[in-house]
Number of protein chains: 2
Amino acid sequence: MHLIAYVNPCGHIFCRSIKNITLMALSHALLAALHSAPCSGYDLAKKFDGSVGFVWNATHQQIYRELTKLEEQSHVTAEVVQQDNRPDKKVYKVTPAGEDYLRVWIAKPIVMSGKKDDLLVKLFAGDLVEPSVILCELEHHRAQHQDLLDTCKSIEQHIFANVSPQDLQRRYRYLTVRQGVRIETEWLAWCDEAIAFVKQF
Amino acid sequence: MHLIAYVNPCGHIFCRSIKNITLMALSHALLAALHSAPCSGYDLAKKFDGSVGFVWNATHQQIYRELTKLEEQSHVTAEVVQQDNRPDKKVYKVTPAGEDYLRVWIAKPIVMSGKKDDLLVKLFAGDLVEPSVILCELEHHRAQHQDLLDTCKSIEQHIFANVSPQDLQRRYRYLTVRQGVRIETEWLAWCDEAIAFVKQF
DNA sequence: ATCATATATGCACTTAATTGCATACGTCAA
DNA sequence: TTGACGTATGCAATTAAGTGCATATATGAT
């Protein structure tokens, strides 16, 4: 098997095999979620309490398929857990090999994925329709961003109110919540600006 | 052919055929770009002057393939234009049918696509690696957001400095640039917050 | 001459994402 | 006892997206 070595801009050296590497991002998101708390596919699909669901969304079908793949690659192990009054569940946790796989991926610098935003594309051709149509869509989106912001703020206050400086994992996760709070706040502000703008027409 | 009627939250009625509809988002982005200015695939791939490239990114291969499809569906027409000192180019423009297709799509309320961010996933498992690795990645991203912000600000000043209130198309496009300015500014601020945070470790 | 760069377009192949279905156990209510 | 809902998992098929390669003309530099 061929190996290739990289040096990232900070001088960290890492390597990976050229073949049989899936760069599929969902696998990393699942491993990151399982790293912080072992759980079942169903749990992952529910995007529970401030977890990775907020930074990477996927359907349950994608998640189950990917978990099966990760198990085949020995990046996770599964344990069937019997429950009262509920179907059995398979609880997954990350293996040391899975952690290595994550470490390699984290150290590899990535180019920001380009923006892909339906709403902005709509605005681009907004003059084709009545302003009220655009206004409606803007208000629809505003409501969605408001919901997200409320959720992020709630997580910020309840989960990360009193985190000890030693709890590195939680402090890193806190940063992702902060991103949600900041960006959603700004999205809301932009929506308001855009709504006011369109109302002039 | 079956038809289905919708009423969006603002009371606008619209309909579309159930079959043979591609909801593929790239086609809408290309139509929106061509709507504001007919041009070639090459031009579209260059993401020129404040155009749709900033709100929807794609490779030239995707763009050429999609343009061919759009031509087959009669949503665009192509005209071969001979040039001096350069290969011929095919200039595409949107047909009335293409405009209708865009109008229907614009009027259809869309659910915000879920967030998918590699950097945040990395932070989620940040405790697996040395803080300097995360710091490096944060600074790398900060630079990318700074570039984008500079570009957006430049477009804001040069293209939209003196737009007449009557120029609806340009005023809508101005809103997309404003979104870029606002969100990238906030991304930068978050990067700074995160960098300061990680430097404590 | 040859090489790099810019313009201009496209096919073939592979991988990822989405959609539609299918299954099964349990609770609670009509 | 049927039907709706929540928990829990998954396959099959399709569609979209991404990667790698190929081609051609023209300019300017070495």
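Remember, predicted model here, so these are calculated numbers, not experimental data.

Basis of the calculations
Residues numbered from 1 in each chain as written. Chains lettered and ligands numbered in written order. Predicted model: local features only at pLDDT ≥ 70, side-chain atom pairs only at ≥ 80, totals over all residues. Heavy atoms only, no water. Helix = DSSP H or I, 4+ residues; strand = E, 2+ residues; numbered from the N terminus. Buried < 20%, exposed > 50% of the residue type's maximum accessible area, 1.4 Å probe, protein only. Areas by Shrake-Rupley, 256 points an atom, 1.4 Å probe, with all protein chains shown as cover. Contact = heavy atoms within 4.5 Å. Buried area = accessible area lost by both parts, 1.4 Å probe. Salt bridge = Lys/Arg side-chain N within 4 Å of Asp/Glu carboxyl O. Phe/Tyr/Trp six-rings, centres within 6.5 Å; stacked < 30°, edge-to-face > 60°. Near = heavy atom within 4 Å. Polar contact = N/O pair within 3.5 Å; in protein donor to acceptor, adjacent residues only side chain to side chain. Least-squares fit on C-alpha atoms with pLDDT ≥ 70 in both. Core = buried A, V, L, I, M, F, W, Y, C linked by side-chain atoms within 4.5 Å. Pairing = 2+ DSSP bridges. Axes fitted to C-alpha atoms, helices over the stretch in contact; angles between N-to-C directions. Parallel < 35°, antiparallel > 145°, perpendicular 65-115°, else oblique. Expected span 1.5 Å × (residues − 1). pLDDT = per-residue confidence, 0-100.

1. Focus: the overall build of chain A
The helix and strand tally for chain A stands at 7 helices and 4 strands. Its helices and strands in sequence order give chain A the pattern β-β-α-α-α-β-β-α-α-α-α, from N to C terminus. Each of the 201 residues in chain A was classed as buried or not, and the buried ones make up 48%. Counting every atom, chain A has about 10,000 Å² of accessible surface; 52% of that belongs to carbon and sulfur.

2. Some points on unusual backbone geometry
Phi is mostly negative for residues that are not glycine, and the peptide bonds are mostly trans. Positive phi is not limited to glycine here, since asparagine 85 of chain A has a value of about 60 degrees. Summarising the element assignment, asparagine 85 of chain A is placed in the loop between β3 (76–83) and β4 (86–94). Under the relative-accessibility criterion, asparagine 85 of chain A is labelled exposed at 82%. Residues other than glycine seldom take positive phi values, yet serine 74 of chain B does so here, at roughly 60 degrees.

3. Some words on the interface of chain B and chain A
Counting residues at the interface gives 79 residues for chain B and 79 residues for chain A. In this assembly, chain B packs against chain A so that about 8,100 Å² is buried in total across both faces, 68% of it on carbon and sulfur atoms. Broken down residue by residue, the surface that chain B buries against chain A is led by Met112, Phe124 and Tyr172 of chain B, which jointly contribute 11%. Our count for the chain B to chain A interface comes out at 6 salt bridges.

4. Overview of the packing of aromatic side chains
Residues and elements named next belong to chain A. For the structure on display, the rule yields 8 aromatic pairs over all chains. Seen in terms of ring centroids, phenylalanine 197 and phenylalanine 201 are 5.9 Å apart; in terms of plane orientation they differ by 80 degrees. Their pairing is edge-to-face. Judged by its relative accessible area of 13%, phenylalanine 197 falls in the buried class. Judged by its relative accessible area of 30%, phenylalanine 201 is partly exposed.

5. Side note on the protein's contact with DNA strand C
The environment of DNA strand C is formed by 23 residues, the closest being Gln62 and Arg65 of chain A together with Tyr42, Gln83 and Lys90 of chain B. Taken together, the sugar and phosphate atoms account for 60% of what DNA strand C places within 4 Å of the protein. The contact in question runs from a phosphate oxygen of DNA strand C to an N or O atom on the side chain of tyrosine 42 of chain B, over 2.5 Å. Listed by contribution, the elements that provide at least two residues to the surface near DNA strand C are α3 (60–72) of chain A together with α2 (41–45), α3 (60–72) and β4 (86–94) of chain B.

6. With respect to the side chain of glutamine 179 of chain B
By the element assignment, glutamine 179 of chain B lies in helix α7 (residues 168–199). When near neighbours in sequence (up to four residues on either side) are disregarded, glutamine 179 of chain B contacts Lys115, Leu120, Trp187 and Trp190 of chain A together with Glu184 of chain B.

7. Topic: the relation of the copies chain B and chain A
Of the transformation superimposing chain B on chain A, the axial component is 0.0 Å and the angular component is 180 degrees, with the fit at an RMSD of 0.1 Å. As the rotation angle and translation indicate, the two copies are arranged about a two-fold axis. Interface overlap between copies: 100% of the residues of chain B at the interface are likewise at the interface in chain A, consistent with a symmetric, same-surface contact.

8. Some points on the environment of valine 181 of chain A
Residue and element names in this part refer to chain A. Tracing the backbone shows valine 181 in helix α7 (residues 168–199). Of the residues examined, valine 181 reaches a relative accessible area of 7% and is grouped as buried. With 26 residues separating them along the chain, valine 181 and isoleucine 155 place their C-alpha atoms 9.8 Å apart. Discounting chain neighbours no more than four positions away, the residues touching valine 181 are Leu149, Cys152, Lys153 and Glu156.

9. Let's talk about the nonpolar core
Of all hydrophobic cores here, the largest spans 93 residues; its most connected members are Trp190 of chain A together with Trp190 of chain B. Each residue touching tryptophan 190 of chain A, except ones within four places of it in the same chain, is listed here: Leu119, Leu120, Leu123 and Leu138 of chain A together with Leu175, Arg178, Gln179 and Arg182 of chain B.

10. Focus: the pairing of β3 of chain A
Residue and element names in this part refer to chain A. Bridge count between β3 and β4: 7 bridges; the pairing is antiparallel. Looking across to β4, one finds that valine 76 is bridged to valine 94. Taken together, β3 and the strand that follows it, β4, pair antiparallel across an intervening segment of 2 residues, in which asparagine 85 is found at a positive phi of about 60 degrees.

11. Observations concerning the packing of helix α1 (residues 25–36) of chain A against α3 of chain A
Two quantities define a packed helix pair, namely the angle between the axes and the distance from one axis to the other. Residue and element names in this part refer to chain A. Close contact between α1 and α3 brings their axes to 10 Å; oriented N to C, the two are set at 80 degrees. In terms of axis orientation, α1 runs roughly perpendicular to α3. Judged by residue contacts, Leu26, Ser27, Leu30, Leu31 and Leu34 of α1 engage Gln62, Ile63, Glu66, Leu67 and Leu70 from α3.

12. With respect to α1 of chain A
Residues and elements named next belong to chain A. The end-to-end C-alpha separation of α1 is 17 Å, in line with the 16 Å expected for 12 residues at 1.5 Å each. Counting buried residues along α1, 12 of its 12 residues qualify, which places the element largely inside the surrounding structure. Of all the residues in α1, the buried ones are Ala25, Leu26, Ser27, His28, Ala29, Leu30, Leu31, Ala32, Ala33, Leu34, His35 and Ser36.

13. A closer look at the confidence of the model for chain A
All names here are of chain A. Mean pLDDT over chain A: 84, with 85% of residues reaching 70 or higher. Taken as a whole, residues 1–7 scores under 50 in pLDDT and shows 18 contacts with residues more than four places along the chain or in a different chain. For the stretch residues 9–22, pLDDT sits under 50, and the model shows 38 contacts to residues farther than four places along the chain or on other chains.

14. Some thoughts on the pattern of salt bridges
Overall, the coordinates contain 20 salt bridges over all chains when judged by the stated rule. For glutamate 156 of chain A, the salt bridge goes to arginine 178 of chain A, with nearest N and O atoms at 3.0 Å. Here glutamate 156 of chain A is found in helix α6 (residues 131–159), whereas its partner arginine 178 of chain A is found in helix α7, with 22 residues between them in sequence. You can call arginine 178 of chain A buried: its relative accessible area is 16%. Salt bridges sharing partners connect three or more residues here, namely Glu156, Arg178 and Arg182 of chain A together with Glu186 and Glu193 of chain B.

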